[in-house]
Amino acid sequence: MTEFSAAEHQLVRDHLLYAESHKPHHDPARDKVLRDKIKQLLKQHNAVLLAHYYTDPLLQQLAEETGGCVSDSLEMARFGHEHPAQTVVVAGVRFMGETAKILNPEKRVLMPTLEATCSLDVGCPIDRFSAFCDAHPDRVVVVYANTSAAVKARADWVVTSSIALKVVEHLHDQGKKIIWAPDQHLGNYVQRETGADVLLWDGACIVHEEFKAKGILDLKQVYPDAVVLAHPESPRAVLDVADYIGSTTQIINAARESSAKRFIVATDQGIFYKLQQQMPNKEFFIAPTAGSGATCRSCANCPWMAMNALDNLADSLEHGTNEIFVDPELGKRAMIPLQRMLDFARQLREKVSGNA
């Protein structure tokens, strides 16, 4: 496992402090004016709004109301690619905007803010990562979607949490040894489940890393019938007490398909908008974190996702600010591992359909 440098730790802390100081504030009357303005601007600029599950519920609701998309980062990018709109507005974090631009180079991609980043992305700079890969040329490079365009371009495969197990299992069956970056918890989970030879990069999500197994078990004492749903970016101790482990979309599907009525959820609380919308007859509790009195600065809500707001979304649409650009040659290289994942996912779907 690589060592996360002091400078990179400081960079993450600096980004986090900036994000916390730029959290949006809500005023119902002002929000309505902004929502109406955004709806008009989307039509005026032939634009579609894509919102991640972890963004403010107001943005998720607005995306739904205007024919946009609320989903994970890959589906957001695919939706933008298939939608006829010439402007794609990505409410999420920067790597999501870059992914959308890589998949849609001919379209204009805007974001409410370019300051919204990700601790996984920040903690995997291309210079150090490239040197790490060069030092292990016998390994296949697999990177999580939560990375920059440059890191994706250096990889052999890009994966999301929903397909990571299947991809690594496929590579392991071929006898391949793997470099995994940047999330060590997801990488550890994949390694345990597949038995693959995986060399891990030292990175973590500031939200998921704060979930505590003891807190979950304490909550289970109060709600013994509650099913624990956990995202694989969570620490192993949390995954060990989970009843189900999966991506954001998989967590929603698992809750919907379960006969249980109560759930403890270990992922960003932004997902509760969809959970409660689709299952109003079920109860959802956020998994406990270390709390504000300890090391928690995120408390189950990504501070960078929270930087997406109605006001900066309206400003971006009105003035064309915060446009995402990816160097065309870099984009072409990054598209290779992305396309490899898309093709693999399509083959999996076809295989499932064929067995149905």
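Structure first, text after, so check above.
Residues numbered from 1 in each chain as written. Predicted model: local features only at pLDDT ≥ 70, side-chain atom pairs only at ≥ 80, totals over all residues. Heavy atoms only, no water.

(A) Up close: the overall build of the chain. Broken down by element type, the chain carries 16 helices and 12 strands. Here the chain, with 356 residues, has 55% of them falling under the buried criterion. Summarising the internal contacts of the chain: among those between residues at least 6 apart in sequence, 65% fall at separations of at least 24. As displayed, the chain has an accessible area near 15,300 Å², and 51% of this comes from carbon and sulfur atoms. (Helix = DSSP H or I, 4+ residues; strand = E, 2+ residues; numbered from the N terminus. Buried < 20%, exposed > 50% of the residue type's maximum accessible area, 1.4 Å probe, protein only. Contact = heavy atoms within 4.5 Å. Areas by Shrake-Rupley, 256 points an atom, 1.4 Å probe, with all protein chains shown as cover.)

(B) A look at helix α2 (residues 28–44). Compared with the 24 Å implied by 1.5 Å per residue over 17 residues, the 24 Å span of α2 between its first and last C-alpha is a close match. Those residues of α2 that sit buried are D31, L34, R35, I38, L41 and L42. One side of α2 carries all its buried residues, which in axial view fall inside an arc of 130°. The outward face of α2, more than 90 degrees from its buried face, is lined by the exposed residues A29, K32, V33, Q40, K43 and Q44. N46 sits one or two residues past α2 and shows a positive phi near 50°. (Expected span 1.5 Å × (residues − 1). Arc of directions from axis to C-beta.)

(C) Expanded view of the pattern of salt bridges. What the rule picks out here adds up to 17 salt bridges. With its nearest N and O atoms 2.7 Å apart, the salt bridge here joins K177 to D138. Within this pair, whereas K177 is found in strand β7 (residues 177–181), its partner D138 is found in the loop between α7 (126–134) and β5 (139–144), the two being separated by 39 residues in sequence. The exposure class of K177 is partly exposed, given its relative accessible area of 31%. Taking the relative accessible area as the measure of exposure, D138 reaches 44% and is therefore partly exposed. For D197, the salt bridge is made with R139, and the minimal N-O distance between the two is 3.0 Å. Taken together, the positions of D197 in the loop between α10 (184–194) and β8 (198–200) and R139 in strand β5 put the pair 58 residues apart, joining distant regions of the chain. (Salt bridge = Lys/Arg side-chain N within 4 Å of Asp/Glu carboxyl O.)

(D) Just the packing of α2 against helix α15 (residues 310–319), in detail. Relative orientation of the contacting elements α2 and α15 amounts to 30°, with a least axis distance of 9 Å. Taken together, α2 and α15 sit at an angle that is classed as roughly parallel. In the crossing of α2 with α15, the sense of the turn from one axis to the other is left-handed. Each of R30, D31, L34, R35, K37, I38, L41 and L42 in α2 lies in contact with α15, whose residues at this interface are L310, D311, L313, A314, L317 and E318. Broken down by class, the residue content of the contact of α2 with α15 amounts to 8 nonpolar, no polar and 6 charged. (Axes fitted to C-alpha atoms, helices over the stretch in contact; angles between N-to-C directions. Parallel < 35°, antiparallel > 145°, perpendicular 65-115°, else oblique. Left-handed = near helix turned anticlockwise from the far one by under 90°. Nonpolar A, V, L, I, M, F, W, Y, C, P; charged D, E, K, R; others polar.)

(E) Here's a closer look at the sheet that holds strand β10 (residues 244–245). Spatially, 4 strands are ordered β10-β9-β11-β12 in an open sheet, and the strand pairing comes out parallel. The two strands at the open ends of the sheet, each matched to only one other strand, are β10 and β12 (283–286). Sheet topology places strand β11 (residues 262–266) next to β12; 4 bridges connect them, and they run parallel. Along β12, the bridge assignment pairs R262 with E283. On top of the sheet, helix α11 (residues 213–222) reaches β9 (227–230), β11 and β12; it is set at about 170° to β11, its chief contact. (Pairing = 2+ DSSP bridges.)

(F) Molecular detail of the packing of aromatic side chains. Tallied over the entire structure, the rule returns 7 aromatic pairs. Their ring planes at 80° and their centres at 5.6 Å tell us that F129 and W201 sit as a pair that is edge-to-face. One end of the pair, F129, is in helix α7; the other, W201, is in the loop between β8 and α11, and 72 residues separate them in sequence. Relative accessible area serves as the criterion here: at 0%, F129 is assigned to the buried category. Under the relative-accessibility criterion, W201 is labelled buried at 1%. (Phe/Tyr/Trp six-rings, centres within 6.5 Å; stacked < 30°, edge-to-face > 60°.)

Read these as spatial facts, not as claims about activity.
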